[in-house]
Amino acid sequence: MADRVLSVNAYTTFDLLDAVAEGHGWTDEAMAVLNVTTPRKNPDEVLVQLELDNGSLGELPAHAETVSLSADEARTLAAELERHAEKVEDAHA
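Residues numbered from 1 in each chain as written. Predicted model: local features only at pLDDT ≥ 70, side-chain atom pairs only at ≥ 80, totals over all residues. Heavy atoms only, no water.

1. Some details on the sheet that holds strand E3 (residues 46-52)
Whether parallel or antiparallel, the strands of a sheet pair through hydrogen bonds between backbone atoms. Strand order in the open sheet made by the 4 strands is E1-E2-E3-E4, with antiparallel pairing throughout. Strands with a single pairing partner mark the edges of an open sheet, and in this sheet they are strand E1 (14-23) and strand E4 (65-69). Strand-to-strand twist in this sheet, taken as the mean axis angle between neighbours without regard to direction, amounts to 30°. Note: strand E2 (residues 26-37) against E3, 6 bridges, orientation antiparallel. Counted as the bridge partner of Leu34 is Leu50 from E3. Packing of helix H1 (residues 71-91) onto the sheet brings it into contact with E3 and E4, and relative to E4 it is tilted by some 110°. (Pairing = 2+ DSSP bridges. Helix = DSSP H or I, 4+ residues; strand = E, 2+ residues; numbered from the N terminus. Axes fitted to C-alpha atoms, helices over the stretch in contact; angles between N-to-C directions. Contact = heavy atoms within 4.5 Å.)

Structure below.
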């Protein structure tokens with residue numbers, strides 16, 4: 001990712017995940033960075049950030065998406081991730 005928007009370092013949650021960007025009439029696949037963080041000073045939100053490698057995308061300019069979650073929303077997301085992870089594990093058991 002030569003034109004990276006997010007800072008990627010040893011503390012980044014995930015780097016080099018498989019990702020897909022979809023729009024009306026097009027789909028692009030690319031590697032992606034997914035990070036979960038909180039502000040260093042006065043952490044009052046959980047930030048979920050996603051950036052696809054724009055070098056592999058034909059339809060999108062360099063950008064990153066960020067979703068701000070409250071603590072309760074982050075726990076709801078974590079529970080949903082756990083629930084779906086169990087489905088995947090059960091399907092492969």
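Picking up where we left off.
2. Observations concerning the side chain of Asp28
With respect to the helices, strands and loops of the structure, Asp28 is situated in strand E2. Among buried Asp, Glu, Lys and Arg side chains, Asp28 stands out as unpaired, with Arg4 the closest opposite charge at 17 Å. Reaching out from Asp28, the side chain makes a polar contact with the backbone nitrogen of Gly58 at a distance of 2.9 Å. One polar contact links the side chain of Asp28 to the main-chain amide nitrogen of Glu59, over a distance of 3.2 Å. Discounting residues that sit within four places of it in the chain, Asp28 has contacts with Ala19, Val20, Ala21, Leu57, Gly58 and Glu59. (Buried < 20%, exposed > 50% of the residue type's maximum accessible area, 1.4 Å probe, protein only. Lys, Arg positive; Asp, Glu negative; His and termini not counted. Salt bridge = Lys/Arg side-chain N within 4 Å of Asp/Glu carboxyl O. Polar contact = N/O pair within 3.5 Å; in protein donor to acceptor, adjacent residues only side chain to side chain.)

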